[in-house]
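If you want the building blocks of each chain, they are given just below.
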Amino acid sequence: MSTVAWITARGLFGRRRFLLLLPLPVLLVVLAGLSQGMGVEPSDWGQPVVVGLGLAVVLPVVALIVGTGVLGAEIDDGTVVHVLTTPLPRWQIVLPKLAVAAGVTAATVAAPLFVAGLLADSVRLGLALAVAASAGALAYSALFVAASLLTRRPVLLGLVYVLIWEGLLSNVLAGSRVFSIQHYVIALADRLAPTELLHTTISMPLAAVMTALVSVGFTLLAIDRLRAFSVAGETS
Amino acid sequence: MTTTAPAAAPATATSTLDLAGVSRWYGNVVAVNDVSMSLGPGVTGLLGPNGAGKTTLLHMMAGFLAPSRGAVTLDGRSTWRNPAVYRRLGLVSEREAVYGFLTAYEFVLATAKLHKLPDPQAAARRAVALVELEGAQDRRIGTYSKGMRQRARVAAALVHDPQVLLLDEPFNGMDPRQRLHMMELLHSLGDAGRTILFSSHILEEVEQVSGTVQVMVAGRLAASGDFRTIRRLMTNRPHVFAIRSTDDRALAVALMAEPSVTGVELGRDGLTVRAGDYGAFTRVLPKVALARGVRVRQLIPEDESLESVFSYLVEA
């Protein structure tokens, strides 16, 4: 593990906001378990729990908390200067942080989604959701790490994207789904395990290409922004 | 109680930090205005009141801010967008930010690894010893006092033995012993051939640490050079005193005859006296008052704030 990743992980798990990660995945498993246990048909609870909660809320919110935590929190409290006053090329700072963000997000979300998919349909759907969510975790993390360098309020920007763009616009305007990571994840999972529970107008090839483009594009943007990182505010 | 700082190893090479016509503005606000200076080996103090632009200037020197105009170079290479300069440059910023979840040793060791030093453990031990933190090195930094945190940050900034060290208000939060130790450490580093620049708004701090000083006021470089010369300039400036006495008019007449007094204004609430020589005036005032049978009830130096001293330097 690189030193940057080690410091990032220690910082992430050492902050209280990390505790915010726990309730949502637990809620997802509990709801899926309750629905199944109470004998409700998967066709009734599968879509709202797996997609409505798991893919539309748990995945992006966990990614937002972690993605803005690995760099945005360090920018906020000023500790990022310690890593930046070293001769490391900036990609060697961004990539480990991105790896930690995507890894922690995937680990936090994939397991409950697997359980929900298993209960709703099959092991195959569980695995498909876990794999697709991991790909989505990478794309979301790249977006939110870059957002930490684009604005002083990355959480706000992330919430606007998740709630307004993905939660509202992409349900109303089909065209906006081209820029919705949530729909990439649905398309990928549906391809890996076709089921009635998952619906999107995005094709699998487009979803795969866009996931890669978003991940690589925002990572490159983050590296470029970190190269020109300015310490702001103080004029004393 | 000893305060001897471990001696810094002699520098294997020296570095020069150059600023050529550097300005920085934020919208319509000019934070730094056309500053040029060249910093070589030794300790230099960057003196100025709060808001003078010291931190902005240090950030530009450290490559954390792009100059709006001009250039900042370390040994001829720009510090902006150039992480390679951190092989030769260390920074201790004013902000107290530190990884509270790490111990001081872990923090300094991690910094040594980030610098890809050949023996990071030895470098970390040496840097921790240099700031005398060995006794507390295995405690989480979150449990440290402000002064100890500052020393941990200095250790991290020194772990790669940089030729240039920039420190923004390094004595903030330190107790007198820690302050003395830090001063000795900076002396030692300067004597060993490093280029050290530290900012401060406290005249006495600069006086005790550095022979060379750069004075900033309102974003401009107001004075530059030998500390004693600048100190003399500061001491010999005109001083303004507000005086209230039992007979303001008689005292005003008497004071006007004194060579150390350059002007007297008689007002409702007493006298305003301008003195060209601070020492001579404060010595002569009691004598004059006594001779005229006047009792001085109040004597207030009106312009002794550091800001007014610096303003005078700008006008001088």
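Residues numbered from 1 in each chain as written. Chains lettered and ligands numbered in written order. Predicted model: local features only at pLDDT ≥ 70, side-chain atom pairs only at ≥ 80, totals over all residues.

A. Spatial organisation of the overall build of chain B. Along its length, chain B carries 10 helices and 14 strands. Nonlocal contacts in chain B, meaning residues at least 24 apart in sequence, comprise 68% of its contacts between residues at least 6 apart. (Helix = DSSP H or I, 4+ residues; strand = E, 2+ residues; numbered from the N terminus. Contact = placed C-beta atoms within 7 Å.)

B. Region of the structure containing the overall build of chain A. If you tally the helices and strands in chain A, you get 10 helices and zero strands. Against the globule reference of 18 Å for 236 residues, chain A gives a C-alpha radius of gyration of 18 Å, in line with a compact fold. Expressed along its principal axes, the backbone C-alpha trace of chain A runs to roughly 65 × 35 × 30 Å. Evaluated residue by residue, chain A yields a buried proportion of 53% over its 236 residues. When contacts within chain A are restricted to residue pairs at least 6 apart in sequence, those whose partners lie at least 24 apart make up 77%. (Rg over C-alpha atoms; globule rule 2.2 N^0.38 Å. Buried ≥ 20, exposed ≤ 12 C-beta atoms within 10 Å, placed from the backbone.)

C. Examining the interface of chain A and chain B more closely. Facing 24 residues of chain A, the contacting portion of chain B comprises 31 residues. Elements represented by at least two residues in the side of chain A that touches chain B include exactly helix 1 (3-14) and helix 5 (80-84) of chain A. Taken together, the residues of the side of chain A that touches chain B sort by class into eight nonpolar, 11 polar and five charged. (Nonpolar A, V, L, I, M, F, W, Y, C, P; charged D, E, K, R; others polar.)

D. Main features of the sheet that holds strand 9 (residues 212-217) of chain B. Residue and element names in this part refer to chain B. Pairing in this open sheet of six strands is mixed, and the strands run 6-7-8-3-9-10 from one edge to the other. Edge positions in the sheet fall to strand 6 (89-92) and strand 10 (220-226), since each of these pairs with one other strand and no more. Sheet twist, expressed as the mean angle between neighbouring strand axes with direction ignored, is 15°. Strand direction decides the pairing type here: strand 3 (residues 42-47) and strand 8 (residues 195-200), joined by six bridges, are parallel. Paired with G45 across the strands is F198, a residue of strand 8. Helix 1 (residues 54-61) rests against strand 3, strand 7 (164-168), strand 8 and strand 9 of the sheet, and its axis sits at about 150° to strand 7. (Pairing = 2+ DSSP bridges. Axes fitted to C-alpha atoms, helices over the stretch in contact; angles between N-to-C directions.)

E. Spatial organisation of the confidence of the model for chain B. Here chain B averages 87 in pLDDT, while 90% of its residues score no lower than 70. Scored by ipTM, the complex comes to 0.87, with pTM at 0.82. (pLDDT = per-residue confidence, 0-100.)

F. Quick peek at helix 1 of chain B. Residue and element names in this part refer to chain B. In terms of burial, helix 1 is a largely internal element, eight of the eight residues being buried. Listed as buried for helix 1 are K54, T55, T56, L57, L58, H59, M60 and M61. Once helix 1 finishes, G63 follows within two positions and takes phi at roughly 80°, a positive value.

G. Spatial organisation of the environment of G173 of chain B. All names here are of chain B. In this fold, G173 is placed in the loop between strand 7 and helix 5 (176-191). For the pair G173 and V98, spaced 75 residues apart in the sequence, the C-alpha separation amounts to 15 Å. With residues near it in sequence (within four places) discarded, G173 still touches K146, G147 and Q150.

H. Looking closely at the nonpolar core. The biggest cluster of nonpolar side chains holds 157 residues, and the ones touching the most others in it are L129, A133, V145 and V185 of chain A together with V108 and A155 of chain B. It is helix 7 (residues 123-150) of chain A that provides the largest number of residues to this core, a total of 18 residues. With residues up to four places along the chain from it excluded, the contact list for V108 of chain B reads A124, A127, V128, A155, A156 and V159 of chain B. In this structure, L251, A254, L271 and L285 of chain B belong to the second largest nonpolar core, which totals 12 residues. (Core = buried A, V, L, I, M, F, W, Y, C linked by C-beta atoms within 7 Å.)

I. How the structure looks around helix 6 (residues 91-120) of chain A. Residues and elements named next belong to chain A. Between its terminal C-alpha atoms helix 6 stretches 41 Å, which fits the 44 Å expected from 30 residues at 1.5 Å a residue. The largest bend in helix 6 is about 25°, located at A110, with the proline P112 one to four residues further on. In terms of burial, helix 6 is largely enclosed, as 21 of its 30 residues are buried. (Expected span 1.5 Å × (residues − 1). Bend = angle between axes of the 7 residues up to and from the residue.)

J. Summary view of the sheet that holds strand 12 (residues 261-267) of chain B. Residues and elements named next belong to chain B. The strand order across the open sheet built from four strands is 12-13-11-14, with neighbouring strands paired in antiparallel fashion. Edge strands, defined here as strands with exactly one partner in the open sheet, are strand 12 and strand 14 (296-301). Neighbouring strand axes in the sheet, compared pairwise and without regard to direction, differ in orientation by 20° on average. Two elements, strand 11 (residues 239-245) and strand 13 (residues 270-275), share five bridges in a ladder whose sense is antiparallel. When the sheet's bridge partners are listed, H239 is paired in strand 13 with A275. Of the strands in this sheet, strand 11, strand 12 and strand 13 are in contact with helix 8 (residues 248-256), which crosses strand 12 at around 165°.

K. Broad picture of the environment of V72 of chain B. Residues and elements named next belong to chain B. By the element assignment, V72 lies in strand 4 (residues 69-74). With 24 C-beta atoms counted inside 10 Å, the residue V72 sits in the buried group. V72 sits 153 residues away from G225 along the chain, and the two C-alpha atoms are 19 Å apart. In this view, V72 contacts L19, V22, M60, M61, P67, S78, T79 and W80; residues no more than four positions away in its chain are not counted.

L. Broad picture of the packing of helix 7 of chain A against helix 9 (residues 181-192) of chain A. Residue and element names in this part refer to chain A. Where helix 7 contacts helix 9, the axes come no closer than 8 Å and their chain directions differ by 155°. With respect to helix 9, the axis of helix 7 lies roughly antiparallel. Two packed elements cross with a definite hand, and for helix 7 against helix 9 that hand is right-handed. Taking contact as the criterion, the partners of A128, L129, V131, A132, A133, A135, G136, A139 and Y140 in helix 7 are, on helix 9, I181, Y184, V185, L188, A189 and L192. Looking at the contact of helix 7 with helix 9 residue by residue, the classes come out as 14 nonpolar, one polar and no charged. (Parallel < 35°, antiparallel > 145°, perpendicular 65-115°, else oblique. Left-handed = near helix turned anticlockwise from the far one by under 90°.)

M. Spotlight on the packing of helix 3 (residues 42-70) of chain A against helix 9 of chain A. All names here are of chain A. In contact at an axis separation of 10 Å, helix 3 and helix 9 are set at 130° when each is read in the N-to-C sense. The angle between the axes of helix 3 and helix 9 places the two elements in the oblique class. Note on packing geometry: the crossing formed by helix 3 with helix 9 is right-handed. Contacts from V51, L55, A56, L59 and P60 in helix 3 reach Q182, V185 and I186 in helix 9.

N. Highlighting the UniProt feature "transmembrane region" (unreviewed entry) in chain A. Residue and element names in this part refer to chain A. When the UniProt feature table is mapped onto this chain, "transmembrane region" (unreviewed entry) is found at residues 49-73, 94-119, 125-147, 154-174 and 202-223. Segment residues 94-119 splits into 100% helix and 0% strand. End C-alpha atoms: 37 Å apart. Helix makes up 91% of residues 202-223 and strand makes up 0%, while its end C-alpha atoms are separated by 29 Å. (UniProt positions renumbered as here; feature names shortened; annotations may be inferred.)

O. Region of interest: the pairing of strand 14 of chain B. Residue and element names in this part refer to chain B. For strand 14, the tally of buried residues reaches only zero of six residues, placing the bulk of the element at the surface. When strand 11 meets strand 14, the two strands line up antiparallel, connected through five bridges. Paired with F241 across the two strands is P301, which belongs to strand 14.

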